Amino acid sequence: MVVSVRTYDQVGEAANALSSDREAYFLAGGTLLMRGVNEGSRALSTLVRTTDSSLRQIQSSGSRIEIGAAATMSDILANRELSFLHPAARAVGGPAIRNMATAGGNLFARTPYGDLTTAFLVLDAMVNFAGGSQAQLPLGQFLAEREKQPRPLVAGISIERPTSAAAFRFLKVSRVKPERLSVMCMAALLPQSGGRVQGARVAYGAMAPTPIRMTAVEQALEGVTLDESGVQAAAAAANTGASPATDAIASEWYRREVAPVHLKRLLLGQGS
Amino acid sequence: MSKTPVQFRVNGQDRAVFAEDAENLLECLRRGVGDMSPKYGCGQGTCGACTVLIDGEPHLSCLTLAQGCGGRSIETTGGLADGPNLHPLQAAFMEHFAAQCGFCTTGMLMAAKALLDKNPNPTRDDVVEAIAGNICRCTGYEPIINAILEAASRGSNSVVGGAV
Ligand SMILES: Cc1cc2nc3c(=O)[nH]c(=O)nc-3n(C[C@H](O)[C@H](O)[C@H](O)COP(=O)(O)OP(=O)(O)OC[C@H]3O[C@@H](n4cnc5c(N)ncnc54)[C@H](O)[C@@H]3O)c2cc1C
Ligand code: FES
Ligand code: FES
């Protein structure tokens, strides 16, 4: 199948092109889309792209940081303000993939991909759209609706900077290192006051059709101290709300079995 | 089918080609430029055999849109040797038996070059991480890792004479 490519100088023009053609896909890093092109996927007829560098900018204002949708994992890794996010960006693919894979594309990546998106979920992420056609959406809502047509052009992701680097945790479980797909990944924001957790946020990747917030775990963490006995209730709730799949990486059974173990390691700061 | 003119540098030489529609850079280099050194393994980003450097950074050419490469500088294994003089990485690969069937070799060499250009004294872990996206089904990786470390210890910018 012949796939036509339409290139625009301005993000706004690309957004218009995308909204006026329901068959068109936006091409970012291409690490997922170009696979389809190479396979001759019949779903692909038009690719829309832009050379507008504004889509790649990373900017901070106050307590929030806006990451342009076309910023790559390597761009994030080169940005010192985003050092708390580096473990999640480094978890994506090998060096070449990280030079290509974008933050915006990661929002659309099917499970078991979506490691960076999982981290975004605990950072109060808001998704911004180009062309002014659509209002900002909380990331959770965006993910729940992402398969819907039409596909608007994501301009960027706005995240909240953690008040302390130690409050943010990320862990990726994989069997083949160093390049690895997720058995699962986990992110947590664990603000503490007087030694007790207040306002915990926890998210999983590869444990449901999209990365998801784990609200039962979050509730079980409210007011606890982060020690062996304090995290018991959270570990007991580790699978509540999860709906993992069986795929080439791991079975559903295995994912459920090991989730409490890895959650405990994440909460106790033991890594994996 | 439409053709888009693209101009880029390949191994230091200006090249002008017509990229076809959504053609990937790997196809474009092999078909349009005639540089057969990057290999097609999977077309899926998983094997790394197609690794080339774009502006000094490793990229998978099978997943890179050729018409997006206008004005960029591309390096392939085809440009490593200087006439009969092998690049130190090539010489070290040969001495350490780091190539068996050889299909992964050009991707490995480019991933290694990207590493040594930035970090001339890598640790073993740095080397393992640098070739994390490159699959080898023959060697078990150890000879490749040793060859890259050896090339680094010799200084990857020195030229190794007459070894063909
Ligand atoms: C070998 C390999 C290893 C990988 N390893 C990992 C991994 O470890 N972890 C992981 O999370 N992912 C991994 N991935 C998946 C992928 O590389 C990443 O998820 C990446 O972030 C996708 O971004 P992209 O820019 O390449 O997307 P593209 O391929 O360009 O696009 C993917 C989808 O997102 C849409 N899209 C992209 N940007 C926008 C936008 N701004 N607005 C609207 N729609 C948009 C596209 O239309 C398309 O539908 C891997 C992929 C490969 C090939
Ligand atoms: S051919 Fe490009 S990664 Fe395999
Ligand atoms: S030498 Fe055969 S795949 Fe590496």
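Residues numbered from 1 in each chain as written. Chains lettered and ligands numbered in written order. Predicted model: local features only at pLDDT ≥ 70, side-chain atom pairs only at ≥ 80, totals over all residues. Heavy atoms only, no water.

**Q** Explain the overall build of chain A here, please?
**A** Scanning chain A from N- to C-terminus turns up 11 helices and 14 strands. What you see for chain A is a C-alpha radius of gyration of 19 Å, in line with the 19 Å of a compact globule of 272 residues. In terms of principal-axis extent, the alpha carbons of chain A reach across some 60 × 45 × 30 Å. Considering chain A as a whole, with its 272 residues, one finds that 52% of them fall into the buried category. Of the contacts formed within chain A by residues at least 6 apart in sequence, a portion of 61% connects residues at least 24 apart. Taken as a whole, chain A presents about 11,600 Å² of accessible surface, with 49% of it coming from carbon and sulfur. The centroid of the 27 positive side-chain charges in chain A is displaced by 4 Å from the centroid of its 22 negative side-chain charges. (Helix = DSSP H or I, 4+ residues; strand = E, 2+ residues; numbered from the N terminus. Rg over C-alpha atoms; globule rule 2.2 N^0.38 Å. Buried < 20%, exposed > 50% of the residue type's maximum accessible area, 1.4 Å probe, protein only. Contact = heavy atoms within 4.5 Å. Areas by Shrake-Rupley, 256 points an atom, 1.4 Å probe, with all protein chains shown as cover. Lys, Arg positive; Asp, Glu negative; His and termini not counted. Charge placed at Lys NZ, Arg CZ, Asp CG, Glu CD.)

**Q** Before we go on, may I ask you to explain the sheet that holds strand β14 (residues 212–213) of chain A in this structure?
**A** The strands making up a sheet associate through hydrogen bonds between their backbones, and the pairing can be parallel or antiparallel. Residues and elements named next belong to chain A. If you trace the 4 strands from one edge of the open sheet to the other, you get β9-β10-β13-β14, paired in antiparallel fashion. At either end of the open sheet lies a strand with only one pairing partner, and these are β9 (168–173) and β14. As defined by bridge partners, strand β10 (residues 184–189) adjoins strand β13 (residues 201–205) across 5 bridges and the pair is classed as antiparallel. Note that in β13 the partner of C185 across the bridge is G205. In this fold helix α11 (residues 252–267) packs onto β9, β10 and β13, with an angle of close to 35 degrees to the strand it touches most, β10. (Pairing = 2+ DSSP bridges. Axes fitted to C-alpha atoms, helices over the stretch in contact; angles between N-to-C directions.)

**Q** What exactly am I supposed to notice about the confidence of the model for chain B here?
**A** If pLDDT is low for a region, its predicted coordinates should not be looked at in detail. In the predicted model, chain B carries a mean pLDDT of 94, and the fraction of residues at 70 or more is 95%. Predicted as a complex, the structure gets a pTM of 0.96 and an ipTM equal to 0.94. (pLDDT = per-residue confidence, 0-100.)

**Q** What's the story with the pairing of β13(A) in this structure? I'm lost.
**A** Residues and elements named next belong to chain A. For β13, the tally of buried residues reaches 5 of 5 residues, placing the bulk of the element in the interior. A two-sided burial pattern is seen for β13, the buried positions comprising R201, A203 and G205 on one face and V202 and Y204 on the other. Where β13 and β14 come together, 2 bridges link them in antiparallel fashion. Residue pairing in the sheet places A203 in a bridge with R213 of β14. Following β13, the chain reverses through 6 residues before pairing antiparallel with β14; A206 in that reversal takes a positive phi of roughly 65 degrees.

**Q** Help me understand the side chain of Q67(B) in this model?
**A** Structurally, Q67(B) can be placed in the loop between β4 (57–60) and β5 (73–75). Separated by 3.4 Å, the side chains of Q67(B) and T4(B) make a polar contact. Setting aside anything within four residues of it in sequence, one finds Q67(B) in contact with V5(A), T7(A), R49(A), T4(B), V6(B), A19(B) and D21(B). (Polar contact = N/O pair within 3.5 Å; in protein donor to acceptor, adjacent residues only side chain to side chain.)

**Q** What should I look at first to understand the packing of aromatic side chains in this one?
**A** Where two aromatic rings form a pair, the distance of their centres and the angle of their planes describe that pair. Residue and element names in this part refer to chain A. Summed over all chains, the structure comprises 3 aromatic pairs over all chains. Between F129 and F142, the ring centres sit 6.1 Å apart and the planes meet at 40 degrees, which makes this aromatic pair tilted. One end of the pair, F129, is in strand β6 (residues 126–129); the other, F142, is in helix α8 (residues 139–145), with 13 residues separating them in the sequence. Summarising the burial analysis for this pair, F129 and F142 share the class buried. Three or more aromatic residues joined by ring pairs make a cluster, and in this case those are F108, F129 and F142. The ring of Y25 has R151 lying over it, and the distance from NZ or CZ to the ring centre is 3.6 Å. (Phe/Tyr/Trp six-rings, centres within 6.5 Å; stacked < 30°, edge-to-face > 60°. Lys NZ or Arg CZ within 6 Å of the ring centre and 35° of its normal.)

**Q** Quick question: what am I supposed to make of unusual backbone geometry here?
**A** A negative phi angle is the norm for most residues apart from glycine, just as the trans form is the norm for most peptide bonds. Omega for the bond connecting T111(A) with P112(A) falls within 30 degrees of zero, at 10 degrees, which places this linkage in the cis form. When you line up the elements, P112(A) lands in the loop between α6 (103–108) and α7 (115–121). If you check the backbone angles, N11(B) has positive phi at about 50 degrees while not being a glycine. Residue N11(B) is classed as partly exposed on the basis of its relative accessible area, which comes to 29%. Unusually for a residue other than glycine, Y141(B) sits at a positive phi of about 75 degrees. With respect to the secondary-structure elements, Y141(B) resides in the loop between α4 (124–130) and α5 (142–154).

**Q** I tried to follow the pattern of salt bridges on my own but got confused; where do I start?
**A** Oppositely charged side chains are able to pair whenever their charged atoms sit close together. Evaluation of the coordinates by the stated rule reveals 23 salt bridges over all chains. The partner of E147(A) in a salt bridge is R146(A), with the nearest N and O atoms 3.6 Å apart. Relative accessible area serves as the criterion here: at 52%, E147(A) is assigned to the exposed category. R9(B) is paired through a salt bridge with D14(B); the nearest N and O atoms lie 2.9 Å apart. We classify R9(B) as partly exposed; its relative accessible area is 35%. For D14(B), a relative accessible area of 60% gives the class exposed. Connected through salt bridges with shared partners, the residues R110(A), R146(A) and E147(A) form a single ionic network. (Salt bridge = Lys/Arg side-chain N within 4 Å of Asp/Glu carboxyl O.)

**Q** Looking at this model, I keep getting lost on α5(B). Mind explaining?
**A** Each full turn of the α-helix corresponds to 3.6 residues, which orients residues three or four apart in the same direction. For α5(B), built from 13 residues, the straight-helix expectation of 18 Å at 1.5 Å per residue is met to within 8% by its first-to-last C-alpha distance of 18 Å. What α5(B) keeps buried is the set P143(B), I144(B), I145(B), A147(B), I148(B), A151(B) and A152(B). (Expected span 1.5 Å × (residues − 1).)

**Q** Any chance you could explain the nonpolar core here in plain terms?
**A** The tendency in soluble globular proteins is for nonpolar side chains to be buried as a group. Residues and elements named next belong to chain A. If you look at the biggest cluster of nonpolar residues, it comprises 68 residues, and the most contacted ones within it are I67, L85, F120 and I159. In terms of residue count, the dominant contributor to this core is helix α1 (residues 11–20) (5 residues). Sequence-distant contacts of L85, that is, excluding residues within four places in its chain, are made with I67, I76, L116, A119, F120, L123, I159 and F168. In this structure, A200, M207, A220 and L263 belong to the second largest nonpolar core, which totals 28 residues. (Core = buried A, V, L, I, M, F, W, Y, C linked by side-chain atoms within 4.5 Å.)

**Q** Just checking my understanding: could you explain the pairing of strand β5 (residues 64–68) of chain A for this structure?
**A** Working note: regular strand, side chains alternate between the two faces of the sheet. All names here are of chain A. Here strand β4 (residues 58–61) pairs with β5 via 4 bridges, running antiparallel. Of the residues in β5, the one forming a bridge with S61 is R64. Between β4 and the antiparallel strand that follows it, β5, lie 2 residues; G62 among them carries a positive phi value of about 60 degrees. For β5 and strand β8 (residues 154–160), the ladder comprises 5 bridges, and the chain directions are antiparallel. Counterpart to G68 in the pairing with β8 is G156.

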